[in-house]
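# Descriptive analysis of the structure
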Amino acid sequence: MNVNVIEQIVMTTMPVSEPRYRRIQKHIEQLIAQRRVCEGERIPSEREIARQFGVSQMTVNRAIQELVREGVLVRRVGSGTYVRRRQPSVRESTRATVVMVPALRRPPGRGYLPALALPRVPR
């Protein structure tokens, strides 16, 4: 999509009273939500974004710093700014696998007892 078209869409959908850095921040969040920029992908440089929106690099820097602070983006020195890979949710990471082993002393009517709960290994 043409850079000017994106800029027009963003600038017309954001409230005028909102600070410019916040508008840029929301724009980047929308790109991620719409999957135009996916997890692990590099976003455009501060210079490119500043040129696109007609603002200073410091304005873009503040927007990116806010997103880094919120955990949306991650900066790599000398490489660029990337969309942070999603971490498994607490529910996904706390699931356990129960291993059944023969009991040393079998209670009446039961051949196996849960012996150990191992944490689930993320893929």
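The text that follows walks through the structure, step by step, so that each part is easy to find.

Basis of the calculations
- Residues numbered from 1 in each chain as written.
- Predicted model: local features only at pLDDT ≥ 70, side-chain atom pairs only at ≥ 80, totals over all residues.
- Heavy atoms only, no water.
- Helix = DSSP H or I, 4+ residues; strand = E, 2+ residues; numbered from the N terminus.
- Buried < 20%, exposed > 50% of the residue type's maximum accessible area, 1.4 Å probe, protein only.
- Contact = heavy atoms within 4.5 Å.
- Areas by Shrake-Rupley, 256 points an atom, 1.4 Å probe, with all protein chains shown as cover.
- Axes fitted to C-alpha atoms, helices over the stretch in contact; angles between N-to-C directions.
- Parallel < 35°, antiparallel > 145°, perpendicular 65-115°, else oblique.
- Left-handed = near helix turned anticlockwise from the far one by under 90°.
- Nonpolar A, V, L, I, M, F, W, Y, C, P; charged D, E, K, R; others polar.
- Salt bridge = Lys/Arg side-chain N within 4 Å of Asp/Glu carboxyl O.
- Core = buried A, V, L, I, M, F, W, Y, C linked by side-chain atoms within 4.5 Å.
- Arc of directions from axis to C-beta.
- Pairing = 2+ DSSP bridges.

## Some points on the overall build of the protein chain
Scanning the protein chain for helices and strands turns up five helices and four strands. Split into buried and exposed, the 123 residues of the protein chain put 24% on the buried side. A sequence separation of at least 24 residues applies to 44% of the contacts in the protein chain between residues at least 6 apart. Only carbon and sulfur atoms are counted for the fraction: they give 52% of the accessible area of the protein chain, which is about 9,200 Å².

## Re the packing of helix α2 (residues 20-33) against helix α4 (residues 57-69)
Running from amino to carboxyl end, α2 crosses α4 at an angle of 55 degrees, the nearest separation of the two axes being 8 Å. Taken together, the axes of α2 and α4 lie oblique to each other. As for the relative orientation of α2 and α4, their crossing is right-handed in sense. Residues Arg20, Tyr21, Ile24, Gln25, Ile28 and Glu29 of α2 form the contact with α4, whose participating residues are Thr59, Val60, Arg62, Ala63, Ile64, Glu66 and Leu67. Of the residues contributing to the contact of α2 with α4, the split by class is seven nonpolar, two polar and four charged.

## Focus: the pattern of salt bridges
Counted by the stated rule, this structure contains three salt bridges. We note a salt bridge from Arg69 to Glu66, for which the minimum N-O separation is 2.7 Å. On the criterion of helical spacing, the pair formed by Arg69 and Glu66 is a turn pair, its members being three residues apart in helix α4.

## Structural notes on the environment of Arg86
Following the sequence through the fold, Arg86 ends up in the loop between β2 (80-83) and α5 (90-93). Between the C-alpha atom of Arg86 and that of Gly71, which follows or precedes it by 15 residues, the distance is 9.6 Å.

## Description of the nonpolar core
Of all hydrophobic cores here, the largest spans 16 residues; its most connected members are Ile24, Ile28, Ile43, Ile49, Val60, Ile64 and Leu73. Only α2, α3 (46-53) and α4 provide two or more residues apiece to this core. Not counting the four nearest positions on each side in its chain, Ile28 is found in contact with Ile43, Ile49, Ile64, Leu67 and Leu73.

## Notes on α3
Listed as buried for α3 are Glu46, Ile49, Ala50, Gln52 and Phe53. End-on, the buried residues of α3 take up no more than an arc of 160 degrees, which puts them together on one face. Of the residues in α3, the exposed ones pointing more than 90 degrees away from the buried face are Arg47 and Arg51. One or two residues past the end of α3 sits Gly54, with phi positive at roughly 70 degrees.

## Some words on the pairing of β2
Alignment of strand β1 (residues 73-76) against β2, held across four bridges, turns out to be antiparallel. Following the sheet pairing, Arg76 is matched in β2 by Gly80. Hairpin remark: β1 followed by β2, antiparallel, with three residues in the connecting loop; positive phi at Gly78, about 80 degrees.

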